[in-house]
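What follows is each chain in one-letter form.
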Amino acid sequence: MKISYYPGCTLRTKAKELDVTARLCAEALGVQMEEIENWQCCGAVYPMGTDEIATKLSAVRALDYAKHNGGKLLTLCSACHNVIKRTNEDMKTNADICFRANNYLKLDEPYKGETEVIHYLEMLKNVVGFDAIKKAVVNPINRKIGAYYGCLLLRPSGVMAFDNPENPTIIEDFIRAIGGTPVVYPFRNECCGAYVSLKNSELPKQKSMKVLSSAKEKGAEEVITACPLCLYNLQANGGDILPVKYFTELLAEALGVKA
Amino acid sequence: MTKEERIENLNRLSGTDVRKCMKCGKCSGRCPAFKDMDIKPHQFVSMLAKGKIDELLESEAIWNCLSCMACVERCPRGVAPAAVVEAVRDTVVRMQGKNGIKAEEIPPIVDELIPQQLLVSAYRKYNK
Amino acid sequence: MQRIGVFICWCGSNIAATVDVEKVAEVIKSEPGVVYSANYQYMCSENGQQLIKQAIKEHNLTGVVVGACSPRMHEATFRKAAEEAGLNPYMVEIANIREHCSWIHKDMDEATEKAVILVRTAIAKVKLNAPLTAGESPVVKRALVIGGGIAGIQAALDIADAGFEVDIVEKNATIGGRMAQLDKTFPTLDCSACILTPKMVDCAQHEKIDILSYSEVEDVKGFVGNFSVKIRRKARFVDETKCTGCKICMEKCPSKKGLNEFNMNLNTRPAIYIPFAQAIPNVAVIDPTQCIKMKTGKCGICQKFCGVGAIDYEQKDTFIERQYGAIVVATGFKPIALDNFNEYGYADNKDVITSLELERLMNAAGPTNGVLLRPSDGEHPKVVTFIQCVGSRDTSGCGKPYCSKICCMYTAKHAMMIREKYPDTEVHVFYIDVRTPGKNYDEFYRRAVEQYGVDYIKGMVGKVYNENGKLMVQGSNLIDNEQITIESDLVVLATAIEPEPSVRKVATLLTASIDTNNFLTESHAKLRPVESPTAGVYLAGVCQGPKDIPETVSQASACAAKVIGLLVKDKLKTNPCVASPDENMCNGCSQCANVCAYGAITYIDKEFRLGGGKTEIRRVASVNPAVCQGCGACTVTCPSGAMDLKGFSSKQIMSEVEAICKM
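Worth saying up front: this structure is predicted, and the values here are computed from it rather than measured.

Contact residues are listed per partner, giving 44 residues for chain B and 45 residues for chain A. Three residues, Leu66, Gln117 and Arg124 of chain B, lead the burial of chain B against chain A; their summed loss comes to 18% of the area buried on that side. Connecting chain B to chain A are 6 salt bridges. One salt bridge in this structure joins Glu190 of chain A and Arg30 of chain B, with 2.6 Å as the shortest N-O distance.

With that settled, consider the state of the cysteines. Note on terminology: a disulfide is the covalent bond linking the sulfur atoms of two cysteines. Residue and element names in this part refer to chain C. Considering all chains together, one arrives at 1 disulfide over all chains under this definition. Between the sulfur of Cys191 and that of Cys194 lies a disulfide, 2.4 Å long from S to S. Because the torsion about its S-S bond is 90 degrees, the bridge between Cys191 and Cys194 counts as right-handed. Here Cys191 falls in the partly exposed class, since its relative accessible area comes to 22%. A relative accessible area of 52% places Cys194 in the exposed class. This cysteine, Cys634, is not joined by any disulfide, and Cys628 carries the nearest cysteine sulfur, 6.2 Å off. Judged by relative accessible area, which is 8%, Cys634 ranks as buried.

Glancing now at the interface of chain C and chain B. A common way to express how large an interface is: the accessible area buried when the components associate. The interface of chain C with chain B comprises 23 residues on the first partner and 18 residues on the second. Between chain C and chain B lies a buried interface of about 1600 Å² when both sides are counted; carbon and sulfur atoms form 46% of it. Together, Leu478, Asn481 and Gln483 of chain C form the three largest contributors to the area buried by chain C at its contact with chain B, with a combined 30%. Taken together, chain C and chain B are joined by 2 salt bridges. As a salt-bridge pair, Lys26 of chain B and Glu343 of chain C come within 2.7 Å of each other at their nearest N and O atoms. Counting the contacts that link chain C with chain B gives 15 residue pairs in polar contact (both at pLDDT 80 or more). For the side of chain C that touches chain B, the secondary structure elements donating two or more residues are β24 (461–467), β25 (470–477) and β26 (482–488) of chain C. Considered class by class, the residues forming the side of chain C that touches chain B number 7 nonpolar, 10 polar and 6 charged.

Attention now moves to the domain arrangement of chain B. Residue and element names in this part refer to chain B. Structurally, chain B comprises domain 1 (3–95) and domain 2 (99–128). Each of domain 1 and domain 2 has a C-alpha centre, and the two are 24 Å apart. The interface of domain 1 with domain 2 comprises 7 residues on the first partner and 6 residues on the second. Of all residues in domain 1, Trp63, Arg89 and Val93 bury the most surface against domain 2, accounting for 68% of the area lost on that side. At the junction of domain 1 with domain 2, the criterion picks out 1 salt bridge. A salt bridge links Glu86 to Lys125; its shortest N-O distance comes to 2.5 Å. Elements supplying a minimum of two residues to the side of domain 1 that touches domain 2: α5 (61–64) and α7 (81–93). It is α7 that provides the largest number of residues to the side of domain 1 that touches domain 2, a total of 3 residues. Taken together, the residues of the side of domain 1 that touches domain 2 sort by class into 3 nonpolar, 1 polar and 3 charged.

Residue and element names in this part refer to chain A. As paired elements, strand β1 (residues 2–6) and strand β2 (residues 32–35) share 4 bridges and run parallel to each other. Paired with Ile3 across the two strands is Met33, which belongs to β2. For the crossover from β1 across helix α1 (residues 16–28) to β2, the handedness is right-handed.

Per the counting criterion, the structure on display carries 10 cavities of 30 Å³ or more. The volume enclosed by the largest cavity comes to roughly 250 Å³. Around the largest cavity, the lining is made up of 24 residues, and of these Val45, Leu152 and Ala194 of chain A together with Leu66 and Ser67 of chain B lie nearest the centre. Elements supplying a minimum of two residues to the lining of the largest cavity: α3 (78–93) and α10 (228–238) of chain A together with α9 (116–126) of chain B.

Residues and elements named next belong to chain C. Interhelical geometry of helix α6 (residues 150–161) versus helix α7 (residues 192–205) gives an angle of 50 degrees and a closest axis separation of 10 Å. By the criterion of interaxial angle, the relationship of α6 to α7 is oblique. Along this stretch, α6 crosses α7, giving a crossing that reads as left-handed. Along its contact with α6, which presents Ile150, Ile153, Gln154 and Leu157, the element α7 presents Leu196, Lys199, Met200, Asp202 and Cys203.

Here we come to the domain arrangement of chain A. Residue and element names in this part refer to chain A. Once the domains are mapped, chain A shows domain 1 (2–121) and domain 2 (131–255). On a C-alpha basis, the centroid separation for the pair domain 1 and domain 2 is 23 Å. Of the residues lining the interface, 22 residues belong to domain 1; the matching set on domain 2 comes to 23 residues. Buried area between domain 1 and domain 2, summed over both chains or domains, comes out near 2000 Å², and the portion from carbon and sulfur atoms is 81%. The largest contributions to the domain 1 side of the interface with domain 2 come from Leu29, Ser78 and Leu121, which together make up 30% of the buried area. Linking domain 1 with domain 2 are 0 salt bridges. Where the side of domain 1 that touches domain 2 is concerned, the elements lending two or more residues are α1, α3 and α5 (120–128). Sort the elements by how many residues they give to the side of domain 1 that touches domain 2 and α3 lands first, with 7 residues. Among the residues forming the side of domain 1 that touches domain 2, the class breakdown is 12 nonpolar, 6 polar and 4 charged.

Moving on: the pattern of salt bridges. Following the criterion strictly, the structure yields 68 salt bridges over all chains and no others. A salt bridge links Glu75 of chain C to Arg79 of chain C, with the nearest nitrogen and oxygen atoms 3.4 Å apart. Of this pair, Glu75 of chain C and Arg79 of chain C both sit in helix α3 (residues 71–84), 4 residues apart, which is roughly one turn of the helix. One salt bridge connects Lys221 of chain C with Asp219 of chain C, and the closest N-O pair in it is separated by 3.5 Å. Taking the relative accessible area as the measure of exposure, Asp219 of chain C reaches 28% and is therefore partly exposed. Salt bridges sharing common partners tie together Glu166 and Glu190 of chain A, Lys26, Arg30 and Arg74 of chain B together with Glu343 and Lys463 of chain C.

The rules behind the values
- Residues numbered from 1 in each chain as written.
- Chains lettered and ligands numbered in written order.
- Predicted model: local features only at pLDDT ≥ 70, side-chain atom pairs only at ≥ 80, totals over all residues.
- Heavy atoms only, no water.
- Contact = heavy atoms within 4.5 Å.
- Buried area = accessible area lost by both parts, 1.4 Å probe.
- Salt bridge = Lys/Arg side-chain N within 4 Å of Asp/Glu carboxyl O.
- Disulfide = S-S within 2.5 Å.
- Buried < 20%, exposed > 50% of the residue type's maximum accessible area, 1.4 Å probe, protein only.
- Polar contact = N/O pair within 3.5 Å; in protein donor to acceptor, adjacent residues only side chain to side chain.
- Helix = DSSP H or I, 4+ residues; strand = E, 2+ residues; numbered from the N terminus.
- Nonpolar A, V, L, I, M, F, W, Y, C, P; charged D, E, K, R; others polar.
- Domains from an automatic or database assignment.
- Pairing = 2+ DSSP bridges.
- Right-handed = clockwise from strand over helix to strand, strands pointing away.
- 1 Å grid on protein atoms, 1.4 Å probe; cavity = no way out; pocket = protein on both sides within 12 Å on 5 of 7 lines; lining within 4 Å.
- Points joined across faces, edges and corners; volume = space filled by probe spheres on them.
- Axes fitted to C-alpha atoms, helices over the stretch in contact; angles between N-to-C directions.
- Parallel < 35°, antiparallel > 145°, perpendicular 65-115°, else oblique.
- Left-handed = near helix turned anticlockwise from the far one by under 90°.

Shown next as structure tokens:
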């Protein structure tokens, strides 16, 4: 099957391995990720101010494109997923934002939140199926892996509807599917320090170290994430505690897919 | 603008109803940036409710809030403290010369590993 | 010629502040048929009623309209006054100008105009009223109590002591309810079992009380004074009349891994068991999902050892049907599930427990024989942290919007008991507000702080997590404006309570109304707090709203007083506003009988004269006025318009509509 795909700015540059491994694995699992045309950066953070419109338009453009190209939009970077999914919710439920955004864009037909936004992990779980992945594994990952969810996939849970915000299981199920042993640790849904790195590097340092030492204490040998900024913060601040990788890198390893 | 109008604007910009707060402090009990917040998440809510916006606009906490949504997620009353912080931050950075980061500060801290996502998100949060 | 009198009530300022009552009375004077119109500050007062009585006599009134509050409130009052003055009580109509008018409008001109319309409408109706006479129905002198917790037990004992028969239907194998699980009770700290079990025994020994344990209400028919109830007696696979409660079966049963519900699943029990030592009845029950004999056909050990031959693996559910004059609902509560509160780590950490689980861990008859040991490793906890309001006062959709009311007091109790028994143990309590209204309640809580040194922290907990084997409780200390993390050995969640889910079925069977939180609704929050709006149904305990034991017992006794007041009557006056068919129009189609929820409609073959000496026999509807509740479902269903409701005829309702439309 084919699915419209939104890579986002970082996956084109600093997080190439996330993008490349994801595409190759998807192909190996029978899913073709079709990059949408003329996509623009989503802005990396969802603007909460109720009068913010212009900052949401690139997400709406991508959503509208997907609406006419299969009706689904696949995301991979946690930040893109968060911004696009929350913006989509606005277009669906907030008449004021929907009206004003459409007023700017002047599309042939107003966009009203019709597209379904799905994250790559949700695609693995619901489209491919973890059982099918299990069957496709050639190199089982015989390691103890800590899933790092961070904030963006889970919260706010009312909109993201990704998983239980305090006790998520999807990445653990993924780890099991690729032959690994998931290690549940209490800081897997805590913030890594995010963009504050640029302003106050001490805060992300403490937060990232706490995440990794919590994972290590519970027995993890490495930690996986779906977010380039989480990966950067964790590696920069706690790289000596545990190795941090993109979850797709482990998937590629398990499926025997080489970039 | 009168003070009442400024308070009203801030309330509208946040999109959250601060009167729903029952002062349980769960937001501040959960906040991962608590130590770096000079004004705590629960205080953002109560100070907006009381109209103490001048103090809010002076706060350092707006630069340290991680927008991690932990406070929003766990508020038992459906209040969004992070949205109040963002409303204050938006109000500040929209003022002349109040950006949180100056362009010239960036090059020295950028290393080759820094992802675009970090620069974009920090710029979106701190600057206008 | 009709002679109508109109009386406009001010209801103090409730009506008069929004409706120009003088003007309404004045305008109405010129309505055709109105011969008298007055207004008064409180029509329901003695003086107000006197005004009505006098006017009836002096002006020879044939009908009365009172513009006042809802008829639910005072229709009966005004009807009685009219009757005392010699007017048929059903010639009184109420125009609701309070709830329907003054309370919901702000503009005086608009409200006054609407009040005039409402009064005109009532006048239009009363002109078509006919005098009605209430019938009578007999009262079955037996009460049913649904639920055998402390509420049901107290209500049953009080009713039985007044000399009436009472059946307690309890869905579990024993009566006793939640109170039986508690260790000590606030505010006097007497042991729960010591004050409850004698009452349980009283129930068992009372000649007027019949305990139907392990039973559920299956169907309810009838009405106040004469309910017919079908009760399912669930198969317990043990003959209740033979079992002596010797417990040999429990010892011998090889399948001992069933979760012990009575101990909040903190330990296990055999497949055949008596829930706890003081159970009433003291009779075993078999869990068929766990019994080896019933699952595989092999075993039968309990049967071999039972000295009295009480075991019967073939036992089936049976049904009995009994008649009751009144029904008390006392179905109780359960703690909410904590699935939406994973931030407190209940699912992942054995040492995060609920308050009800702590009750069992503190109880001498509990899984640890009353020694406080943590579930994970059986060690004695040195730091215990309580979190209040878990799931209460939560409007986010995760929990319950109401205050569960009992948690502040039981948490103070728990904290105090731990400090009393284990002075070396640190106790912390996170709270939002400490709510202690009640006699000696605040004093009790302050004792926990001042005498026992319990550390109360104003603030909520954001996260509980495990770090190096310790439970880290991270929360707000709002008074000092800090975020703190307490390294704890045991965390106790003061979990919100909700009505026992089976109450929904009971409410449906009884047509008793229920609110959005599944609490049964009382007839009037202040003045009829123990009566359901459904006549003959009374409410005791948490099924009506969160409450503690003293309140529950008071409410149960209040229920009993209401039930006794009902059962002591030989006959009840029935509502004369019942359905009645016009037999000349009825075509015997059965549609009315099909919609009647009360089974009040039957069909008879009746001979009709056709003229010319001919007759024909036709099938026509016949309403039993003692059973009909006057709901009107049949009148709107009847395709030929033959069915009408006395006091609410189609003609009356149409004339009301016309009066409204005329403006």
